Amino acid sequence: MTRVALIDDHESVRLGLEAACARGGAEHVVFSGSSVTEYVRWRASQTALPADVVVLDLTLGDGTTVTENVRRLVGDGSHVIIHSVADRPAAVREALSAGAAGIVSKSAPIDDVTAALRTVASGELLHNVEWASAIEGDIDFADAQLSARERDVLRLYAAGLPLKAVADRLGIAYSTAKENITRVRVKYVEVGRPAPTKVDLLRRAMEDGILMDSEAASGR
């Protein structure tokens, strides 16, 4: 059963999500509160394991930023879904760059939210309309200025191929493939979207349309 934490400063939203999780039976809400600090204190007092998935409001009323909240939760070992009205693309982009697995609109049907919980709990990223809307037209977010070769290497590597297999597939030396991935990481750092791990590279490739969900799932 997926362990879920709900962090939103609107109690009515939390109660609705908690009821939906209880009705579905596949998710168990282990925490419901208004701030990340409150959640961390609860974890410490209960010596509880981190929630598998945290559903986090984009903007909380305690003065914290979405970047610090997402990084704190991801660093603690949880996947994070942003639950928002999605009318602030820059803030949503900030959350995704900080490591959130995706976003679900507060106007979405409750079944979409529970479906998102299942997707993220299985280790997959969300790639939905809300995500696309958040980054559409945002040049700084999308423009890492990757070369055609760098995009090819990133697409295959992020899809799951080992770097040697990427080199073989493209007919280039292993050292060339490795150099391309290094340059890709540097370029993403330069635009404020660091990708130190392979999972981060997968996120960037999907955000920029270099890799589609079907390719990520099949490892092509």
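Note that the structure is predicted; figures quoted are calculated from it, not measured.

Thresholds, definitions, all that
Within every chain, residues take consecutive numbers counted from 1 along the sequence as written. Owing to the predicted nature of the model, reporting of local features is limited to residues with pLDDT of at least 70; listing and counting of side-chain atom pairs is limited to 80 or more, with chain, interface and lining totals taken over all residues. Only hydrogens and water are set aside; all other atoms, that is, all heavy atoms of the structure, feed into the side-chain values. The secondary structure listing takes helices from DSSP runs of H or I that are at least 4 residues long and strands from runs of E that are at least 2 residues long, numbered from the N terminus. Each residue gets one of three labels from its accessible area relative to the maximum for its type: buried under 20%, exposed over 50%, partly exposed in between, using a 1.4 Å probe on protein chains only. Residues count as neighbours in contact if any of their non-hydrogen atoms are within 4.5 Å of one another. Only the protein chains shown count as cover for residues, with accessible areas throughout obtained via the Shrake-Rupley method and a probe of 1.4 Å. Any two strands with at least two DSSP bridges between them are considered paired. Nonpolar cores are built from buried Ala, Val, Leu, Ile, Met, Phe, Trp, Tyr and Cys residues. Side-chain atoms within 4.5 Å join them into one set. For every element, the axis is a line fit to its C-alpha atoms; helices are fit only across the contacting stretch, and the angle between N-to-C directions ranges from 0 to 180 degrees. Our angle categories are set so that under 35 degrees counts as roughly parallel, over 145 as roughly antiparallel, 65 to 115 as roughly perpendicular, and the remainder as oblique. In this scheme the handedness of a crossing depends on how the near helix is turned from the far one: anticlockwise by less than a right angle means left-handed, clockwise means right-handed. Classification convention: Asp, Glu, Lys, Arg as charged; Ala, Val, Leu, Ile, Met, Phe, Trp, Tyr, Cys, Pro as nonpolar; all other residues, Gly among them, as polar. By definition here, a salt bridge exists when the distance from a side-chain nitrogen of Lys or Arg to a carboxyl oxygen of Asp or Glu is within 4 Å. By convention a crossover is right-handed if, when the strands point away from the viewer, the path from the first strand over the helix to the second runs clockwise.

Considering the overall build of the protein chain
Helix and strand content of the protein chain: twelve helices and five strands. Across the 220 residues that make up the protein chain, the buried fraction comes to 46%. Pairs at least 24 apart in sequence give 67% of the contacts found in the protein chain among residues at least 6 apart. Of the roughly 10400 Å² of accessible surface on the protein chain, a fraction of 52% belongs to carbon and sulfur atoms.

A short note on the environment of Leu201
Mapped onto the elements, Leu201 comes out in helix H11 (residues 198-207). For Leu201, a relative accessible area of 0% puts it in the buried group. For the pair Leu201 and Arg155, spaced 46 residues apart in the sequence, the C-alpha separation amounts to 9.1 Å.

A look at unusual backbone geometry
With a phi angle near 45°, Thr47 is a residue other than glycine that sits in the positive phi range. On the accessibility criterion, Thr47 (71% relative accessible area) is exposed.

Structural notes on the pairing of strand E3 (residues 53-57)
Along E3, five of the five residues are buried, which leaves the element largely enclosed by surrounding structure. Here E3 shows two buried faces, one formed by Val53, Val55 and Asp57 and the other by Val54 and Leu56. Of the strand pairs in this sheet, strand E1 (residues 2-7) and E3 are connected by four bridges, and their pairing is parallel. Within E3, the residue paired with Ala5 across the bridge is Val54.

Considering the nonpolar core
A general tendency of soluble globular proteins is for nonpolar side chains to be buried together. Core analysis: the largest hydrophobic core is formed by 42 residues, its most contacted members being Ile81, Leu154 and Val166. Those elements that place two or more of their residues in this core are E1, helix H1 (11-24), E3, helix H5 (110-121), helix H8 (148-158), helix H9 (163-170), helix H10 (174-190) and H11. With five residues, H8 is the single largest residue contributor to this core. Sequence-distant contacts of Leu154, defined by excluding residues within four places in its chain, comprise Leu146, Ala159, Ile181, Val184, Tyr188, Leu201, Ala205 and Ile210. Counting 25 residues, the second-largest nonpolar core is a separate cluster that includes Phe31, Val70, Val92 and Ala98.

Here we look at the packing of H8 against H11
Two numbers describe how H8 lies on H11: the axes approach to 9 Å, and their chain directions differ by 120°. By the angle between their axes, H8 is oblique relative to H11. Read as a crossing pair, H8 and H11 show a hand that is left-handed. The residues of H11 that touch H8, namely those facing Leu154, Tyr157 and Ala158, are Lys198, Leu201, Leu202 and Ala205. When its residues are assigned to classes, the contact of H8 with H11 shows six nonpolar, no polar and one charged.

So, the pattern of salt bridges
Following the criterion strictly, the structure yields nine salt bridges and no others. The network of salt bridges with shared partners includes Glu150, Glu179, Arg183 and Lys187.

Considerations on the pairing of E1
The buried fraction of E1 amounts to five of the six residues, a majority that puts the element mostly inside the structure. After leaving E1, the chain enters H1 and then returns to the sheet as strand E2 (residues 27-33), a path that is right-handed.

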